[in-house]
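Structural description and commentary
Read off the chains here:
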Amino acid sequence: MPTSTHNLFDEPWIPVRWTDTAPPPHPERVGLLELLLRSGDIATLTITDPPAHSALLRILYALTARVSGLDEAAPGDWGARRLDILDAGQLPREGIDAYNRRYWHRFFLYDPDGRRPWMQDARLAEQCDADKTAGVNKLIVTRPAGNTHAWFRHGSDARPDLPTVAEAVLNLLVWHYYGPSGRCSAREVNGIKTASATAGPLRTALSYHPEGANLLETLLAGLVPPAQTVRRQDDPCPWEWEELPDPDDVPPVPSGPCSLLTACSQHALLLVPDEANPHLVRDAYITWAYRKGRIPRDDNYLIWQISQQDNRYPRPADSRRALWRDLDALLLKEPPGTAQPQRPKVFEHASEVSDDLRVRALGFEQEGQAKDTQFVDAATPPVLGFAEQKAPVTAPAVGRLRRLGELYGRRLDRAVKRAWSEYTNDSKANGDTWAAEAAARYWPSAEAEFWNRFRHLDPTGRQSHAGLDPAAARTAFLRLATDAYETVTASIIRTQRGAKAVANARIELYGGPPKKTSPAQVA
């Protein structure tokens, strides 16, 4: 490729949906410049892969902070400045133009002239073996590569379908944030060749984002106030670095919100354009970014918990877990739970933008190394008006409602497993098949019950328990658990042994058999 091509500020690559009132034109995809200029007219991003959506949001948060001046706490009140931009209905044009003029040359996807392709490392062309590249099937996370099983589609490494630039860029970001640990393509630096990478900063985690009526609200609500000590020149994004970091040294530690959002990748990538059509990507290098140490794992959009070993870790993505079960950990300042969950820092200030913000959860259920299981994408109705600092009287009710739903879900799980164990007369039988079927029947119904009662909560404090009737809620969740239990166990009640097992295990729905009182306690 003789010259630098495909500038991501100009070329359309981000899929969007426009608001009903947006003036034309309404292209299906936009570049970064049009996205920033028309964020008030864009309803939402329409990225189909949740980890790509989550990764791009972090890039856009950083760009929003830069062009609006919200990357520093001063001058004046940071929150008031944010609301001024919201009232204006658009990001400041002068800030966007100034940033575009300064860094436009750093947003080329292919950059043989300046050797600084966006979010890539041009040195990989010399430091990696050109005959042992990762390939585009490895780059696109939904494709099978090598000997792995097909997930969404079949493919061939010998004759891969070349991805478009838009598809390749979004998957480039997925690798930066969700890339696996373990063996990767070999990279030789200072005469030493190694082939082991550290997991990306969001690997296995579920990411929570406030979502507004349009993209401007979403981006402003997603910003976290920077510390008073943060200076933008000391808080660079990767494309703002004067020089690429030394891969043989320890990685630079993020020093502010923009570097924390964009500069925590543990992987290095380089895309190779197709000679016949630069709008397609022919090949990809994927390898490690730093040989020594790892960047401290921190993120303002994750629920952080404490393990039994007293280690801090993010709540993992679980495709079987509905978002409402995390709601009190998002709304409450000090959520209950033995894992001592800490709500994402972004929700401490998001409700200042709007009371009608929703929560979107985006993630990738996966293991630390190669195994990827399923995408996770879920959204709530408008809930941030019920955040504890906005409506403190609803906090106990939200927590109690969630705990009741969880309680009867756990009891149902124990009941069907006990019924199966007694029916098979095998104490080691785990009953996982019945438990999975019972969960599939209970949790969707419990979610509908939760939201129905949540919508009737009173944030004004005029009603006791914020309008929640705990006894009625308990009865409703018990009924749902009972219905699921009876449906799952119906196939065995025609036999005497089966009917007895089902009858005996039913007590688990009510908390199990009463504990025996010792003679000493009676005395």
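Up top is the structure these notes are about.
The present account deals with the structure reproduced in this document.

**As for the packing of aromatic side chains**
- One pass over the structure, following the stated rule, counts 17 aromatic pairs.
- Between Trp-118 and Trp-239 the ring centres are 5.8 Å apart and the planes differ by 40 degrees, which places this aromatic pair in the tilted class. Taken as a pair, Trp-118 in the loop between β5 (108-110) and α5 (124-127) and Trp-239 in the loop between α8 (215-221) and α9 (257-262) lie far apart in primary sequence, 121 residues in all. Trp-239 matches Trp-118 in its accessibility class, with the two residues each being buried.
- Considering the side-chain rings of Phe-450 and Trp-451, the 5.1 Å spacing of their centres and the 80 degrees angle between planes classify their relative orientation as edge-to-face. Here Phe-450 and Trp-451 have matching classes, each one buried.
- Taken together through their ring pairs, the aromatic side chains of Trp-324, Tyr-442, Trp-443, Phe-450, Trp-451 and Phe-454 make up a single cluster.
- The ring of Trp-304 has Arg-312 sitting right over it, with the charged end atom 4.0 Å from the ring centre.
- Lying over the aromatic face of Trp-443, Arg-325 brings its terminal NZ or CZ to 3.8 Å of the ring centre.

**Some remarks on the environment of Trp-241**
- Tracing the backbone shows Trp-241 in the loop between α8 and α9.
- Considered as a pair, Trp-241 and Arg-106 are 135 residues apart in the sequence and their alpha carbons are 9.8 Å apart.
- Non-local contacts of Trp-241, meaning those with residues more than four positions away in its chain, are made with Arg-106, Arg-116, Pro-236, Ala-263 and Tyr-290.

**Focus on the pattern of salt bridges**
- Here the structure, examined in full by the defined rule, presents 33 salt bridges.
- The shortest N-O distance in the salt bridge between Asp-121 and Arg-123 comes to 2.8 Å.
- For Arg-418, the salt bridge is made with Glu-422, and the minimal N-O distance between the two is 2.9 Å. Of this pair, Arg-418 and Glu-422 both sit in helix α11 (residues 395-424), four residues apart, roughly one helical turn.
- Bridged by salt links that share partners, the residues Arg-315, Arg-321, Arg-325, Asp-326, Arg-402 and Glu-406 form one connected network.

**Some thoughts on empty space enclosed by the protein**
- Evaluation of the coordinates by the stated rule reveals five cavities of 30 Å³ or more.
- In this structure, the largest cavity occupies an estimated 300 Å³ of space.
- Taken together, 25 residues form the lining of the largest cavity, with Gln-120, His-176, Pro-238, Trp-241 and Leu-244 sitting closest to its centre.
- For the lining of the largest cavity, the leading source of residues is strand β9 (residues 267-273), giving three residues.
- Per-class residue counts for the lining of the largest cavity are 15 nonpolar, five polar and five charged.
- In this structure, the second largest cavity encloses a volume near 130 Å³.
- Considering the residues around the second largest cavity, the lining is formed by 14 residues, among which Val-224, Pro-257, Leu-261, Asn-300 and Tyr-301 are closest to the centre.
- Going through the elements one at a time, α2 (50-68) and α9 are the ones with two or more residues in the lining of the second largest cavity.
- It is α9 that provides the largest number of residues to the lining of the second largest cavity, a total of four residues.
- Taken together, the residues of the lining of the second largest cavity break down into ten nonpolar, two polar and two charged.

**Describing α11**
- Compared with an ideal rise of 1.5 Å per residue, which puts 30 residues at 44 Å, α11 spans 44 Å between its outermost C-alpha atoms and is within 8% of the ideal.
- Of the residues flanking the end of α11, it is Asn-425, one or two places downstream, whose phi is positive at about 55 degrees.

**Observations regarding the sheet that holds strand β14 (residues 372-379)**
- The strand order across the open sheet formed by three strands is β8-β13-β14, and the pairing between neighbours is antiparallel. Either end of the sheet is taken by a strand with one partner, and the two such strands are β8 (206-211) and β14. On average, adjacent strands in this sheet sit at an angle of 10 degrees to one another, irrespective of strand direction.
- Here strand β13 (residues 358-366) pairs with β14 via seven bridges, running antiparallel. Residue Glu-365 lies in a different strand from β14, and its bridge partner there is Gln-374.
- Sitting on the sheet, α2 is in contact with β8, β13 and β14, with an inclination near 125 degrees to β13.

**Quick notes on the environment of Ala-436**
- As for its placement among the helices and strands, Ala-436 is situated in helix α12 (residues 432-454).
- Overall, Ala-436 belongs to the partly exposed group, its relative accessible area being 48%.
- Along the chain, Ala-436 and Val-189 lie 247 residues apart, while their C-alpha atoms are 49 Å from each other.

**Remarks on unusual backbone geometry**
- Of note, the bond from Pro-24 into Pro-25 is cis; its omega dihedral lies within 30 degrees of zero at 5 degrees.
- With respect to the helices and strands, Pro-25 occurs in the loop between β2 (14-18) and β3 (29-30).
- Pro-75 follows Ala-74 through a cis peptide bond whose omega is 0 degrees.
- Tracing the backbone through its elements, the reader meets Pro-75 in the loop between α2 and α3 (78-88).
- Residues other than glycine seldom take positive phi values, yet His-6 does so here, at roughly 60 degrees.
- Relative to the assigned elements, His-6 resides in strand β1 (residues 5-7).
- For His-6, a relative accessible area of 11% puts it in the buried group.
- For Asn-190, which is not glycine, the phi torsion reads 55 degrees and is therefore positive.

**Things to note about helix α7 (residues 165-178)**
- For α7, with 14 residues, the first-to-last C-alpha span of 19 Å sits near the 20 Å given by 1.5 Å per residue.
- Across the 14 residues that make up α7, a large majority, 13, are buried.

**Topic: the nonpolar core**
- Formed by 137 residues in total, the largest nonpolar core has its most connected members in Leu-45, Leu-56, Leu-331, Tyr-442 and Phe-454.
- Beyond its immediate chain neighbours, meaning those up to four positions away, Leu-45 contacts Ile-14, Pro-15, Val-16, Leu-35, His-53, Leu-56, Leu-57, Leu-60 and Leu-215.
- Residues Cys-128, Cys-264, Ala-289 and Tyr-290 belong to the second largest nonpolar core, which totals 13 residues.

Conventions we followed
Chains are numbered independently. Their residues run from 1 in the order of the written sequence. Only residues with pLDDT of at least 70 get local features here, since the model is predicted, and only at 80 or more are side-chain atom pairs given and counted; chain-wide, interface and lining totals rely on the full set of residues. Hydrogens are left out, water is left out, and the side-chain values use all remaining heavy atoms of the structure. Any Phe, Tyr or Trp ring, taking Trp's six-membered ring, that has another such ring centre within 6.5 Å forms a pair; planes under 30 degrees apart are called stacked, those over 60 apart edge-to-face, and the others tilted. Here a strand is any run of E in DSSP of at least two residues, a helix any run of H or I of at least four, and the numbering for each starts at the N terminus. Partly exposed describes any residue whose relative accessible area lies between the buried limit of under 20% and the exposed limit of over 50%, with all areas from a 1.4 Å probe on protein chains only and scaled to the type maximum. By definition, being over a ring means that NZ of Lys or CZ of Arg is both within 6 Å of the ring centre and within 35 degrees of the ring normal. By definition in these notes, contact holds between two residues if any of their heavy atoms fall within 4.5 Å. The term salt bridge refers to a pairing of a side-chain nitrogen on Lys or Arg with a carboxyl oxygen on Asp or Glu at a separation within 4 Å. Cavities and pockets are defined on a 1 Å grid built over the protein atoms alone: a cavity is a set of grid points where a 1.4 Å probe fits but cannot escape, while a pocket is an open set with protein on both sides within 12 Å along at least five of seven lines, and lining residues are those with an atom within 4 Å of any such point. Grid points are joined across faces, edges and corners, and a volume is the space filled by probe spheres set on the points. Think of it as three bins: nonpolar holds Ala, Val, Leu, Ile, Met, Phe, Trp, Tyr, Cys and Pro, charged holds Asp, Glu, Lys and Arg, and polar takes everything else, Gly as well. Multiplying 1.5 Å by the helix residue count minus one yields the expected span of that helix. Here the rule is simple: two strands pair whenever DSSP picks up at least two bridges between them. For helices, the axis comes from a line fit to the C-alpha atoms of the stretch in contact; other axes are also lines fit to C-alpha atoms, and the angle between any two N-to-C directions lies between 0 and 180 degrees. For the purposes of this section, nonpolar cores are sets of buried Ala, Val, Leu, Ile, Met, Phe, Trp, Tyr and Cys residues that join through side-chain atoms within 4.5 Å.

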